[in-house]
Amino acid sequence: MAAIIDGKAISEQIRQELAAEVAAMKQKGVTPGLAVVLVGEDPASQVYVRNKLRACQQIGIYWEDHRLPAETTEEALLDLIRELNRREEIHGILVQLPLPGQIREQAVIEAIAPEKDVDAFHAQNVGQIVQGQYRFLPCTPAGVLELIRRSGISVEGKDCVVVGRSNIVGKPMAMLMLHENATVTICHSRTRELPAVTRRADILIVAIGRAKFITGDMVKEGAVVIDVGMNRDENGKLCGDVDFAAVEPKAGHITPVPGGVGPMTITMLMKNTVTAARLAGRKK
Ligand code: L34
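Rules and cut-offs
- Residues numbered from 1 in each chain as written.
- Predicted model: local features only at pLDDT ≥ 70, side-chain atom pairs only at ≥ 80, totals over all residues.
- Heavy atoms only, no water.
- Near = heavy atom within 4 Å.
- Polar contact = N/O pair within 3.5 Å; in protein donor to acceptor, adjacent residues only side chain to side chain.
- Areas by Shrake-Rupley, 256 points an atom, 1.4 Å probe, with all protein chains shown as cover.
- Nonpolar A, V, L, I, M, F, W, Y, C, P; charged D, E, K, R; others polar.
- Helix = DSSP H or I, 4+ residues; strand = E, 2+ residues; numbered from the N terminus.
- Buried < 20%, exposed > 50% of the residue type's maximum accessible area, 1.4 Å probe, protein only.
- Contact = heavy atoms within 4.5 Å.
- Pairing = 2+ DSSP bridges.
- Axes fitted to C-alpha atoms, helices over the stretch in contact; angles between N-to-C directions.
- Right-handed = clockwise from strand over helix to strand, strands pointing away.
- Lys, Arg positive; Asp, Glu negative; His and termini not counted.
- Salt bridge = Lys/Arg side-chain N within 4 Å of Asp/Glu carboxyl O.

(A) Structural detail: the site of the ligand. What surrounds the ligand is a group of 18 residues, the closest being Lys52, Val95, Asp119, Met230 and Gly259. Within the backbone of Val95, an N or O atom sits 2.8 Å from a nitrogen atom of the ligand. Here a nitrogen atom of the ligand and a backbone polar atom of Leu97 are 2.9 Å apart. Here the ligand, which alone exposes 680 Å², has 82% of that area covered by the protein. Residue classes in the shell around the ligand are distributed as 11 nonpolar, 5 polar and 2 charged.

(B) Spotlight on the side chain of Asn125. Relative to the helices and strands, Asn125 is located in helix H5 (residues 123-131). Residue classification places Asn125 among the buried residues on the basis of a relative accessible area of 1%. Apart from residues no more than four positions distant in its own chain, Asn125 is found in contact with Pro114, Asp117, Ala120, Arg135 and Phe136.

(C) Quick look at the sheet that holds strand S4 (residues 92-95). Strand order in the open sheet formed by 3 strands is S3-S2-S4, with parallel pairing between adjacent strands. Lying at the two open borders of the sheet, with one neighbouring strand each, are strand S3 (62-68) and S4. The mean inter-strand angle of the sheet, taken between neighbouring strand axes irrespective of direction, is 15°. Direction of pairing for strand S2 (residues 33-39) relative to S4: parallel, over a ladder of 4 bridges. Of the residues in S4, the one forming a bridge with Leu34 is Gly92.

(D) Representation of the sheet that holds strand S5 (residues 159-163) within the structure. The parallel open sheet is built from 6 strands, whose spatial order is S1-S11-S8-S7-S5-S6. Both edges of this open sheet fall to strand S1 (3-4) and strand S6 (183-187), since each of them pairs with a single strand only.

(E) Expanded view of the pairing of S2. Among the 7 residues of S2, 7 are classified as buried, and the element is accordingly described as predominantly covered. Side chains Gly33, Ala35, Val37 and Val39 project from S2 onto one buried face, and the interleaved Leu34, Val36 and Leu38 project onto a second face that is buried too. Looking at chain direction, S2 and S3 are connected through 7 bridges and run parallel. Bridging from a neighbouring strand, Leu38 pairs with Arg67 of S3. Regarding topology, helix H2 (residues 43-59) serves as the crossover connection from S2 to the parallel S3, and that connection is right-handed.

(F) Seen up close, the environment of Val22. For Val22, the location among the structural elements is in helix H1 (residues 7-27). Separated by 27 residues in the primary sequence, Val22 and Val49 have C-alpha atoms spaced 21 Å apart. Residues in contact with Val22, not counting those within four places in the same chain, are Pro32, Ile59, Gly60, Ile61 and Val274.

(G) Highlighting the side chain of Lys52. Here Lys52 lies in helix H2. Here Lys52 occupies a buried position and makes no salt bridge, while the nearest side chain of opposite charge, Asp119, is found at 5.4 Å. A polar atom in the side chain of Lys52 sits 2.8 Å from the side chain of Gln96. Excluding its chain neighbours within four sequence positions, the residues that come into contact with Lys52 are Leu94, Gln96, Ile266, Leu269 and Met270.

(H) Local environment of unusual backbone geometry. Of note, the amide linkage connecting Leu97 to Pro98 takes the cis form, showing an omega dihedral of 0°. With respect to the element layout, Pro98 can be found in the loop between S4 and helix H4 (105-111). In this chain, Val257 is followed by Pro258 through a cis amide linkage whose omega measures -5°. Along the chain, the position of Pro258 falls in the loop between strand S11 (253-254) and helix H10 (261-283). Here Ala120, not a glycine, exhibits a phi torsion of approximately 60°, which is positive. Mapped onto the elements, Ala120 comes out in the loop between H4 and H5. Despite not being glycine, Glu193 shows a phi value in the positive range, around 50°. Within the secondary structure, Glu193 sits in the loop between S6 and helix H8 (194-198). Note on Glu193: relative accessible area 63%, which makes it exposed.

Read these as spatial facts, not as claims about activity.
Here it is as structure tokens:
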């Protein structure tokens, strides 16, 4: 029987810490501000954006909700970003991904001022993270690390296997675990004998985007299993990349979906926005 890592509860605790920090900043005349940009009407993105704005509200962060139609041109989106880059009361800019096909995601990411790039997707921020010197960490990997830390799990010297190699999760996740002194393996859809690799993991982090992909036979007894997936199963129910019912009896710790990594992603976005505001204040 695994200990369930309660992402909602840990998130709540961090949000309270952040709310206190924001209250103190407001006393000194600085209110952290976040602009959220959503292009189109993807239903999942709408839910995530709503959760982000709700978290701002809860913590006391000033927020703006920019909604653009699905047929928006890249130039129009870049114009909005340039305007947000210039505005002093906006410390963080988040453009929700994925974007419609006519817009190049990379062009948009690189247009965001690095000091306002609270996703840490900009090449400058990515480069700083690889070098181990950074302003912010990308929200999902940072959230995973915080879940592990606040659950009292040590990482040093452990075998950590990351399944998935996206720029948003897999690659930065592996880098963070390396910085924590884990021995890191990255695997993906083309990895040969994947179950043999995942079975070596003391800490297994899964972000491959396939419902219930990790089955019981792929997990070592007592492993820490972190599920970054967000899928719908055959009944339309939210589920992760891990077959929870099959893996939970074997794992030492496991995160649920929903209520695991998702809320932490949002909480780390709040943390990055507060950090961005603090750093902007320091410059003046
Ligand atoms: N730019 N785009 C940008 N930054 C991000 O960090 C994201 N991500 C991913 C998609 N696009 C992005 C998110 O915000 C995934 N993601 C995200 C955020 C929140 C939740 C899930 C994914 C979340 O709130 N999950 C809830 C359940 C939500 C529901 O009911 O559907 C949970 O408990 O897991």
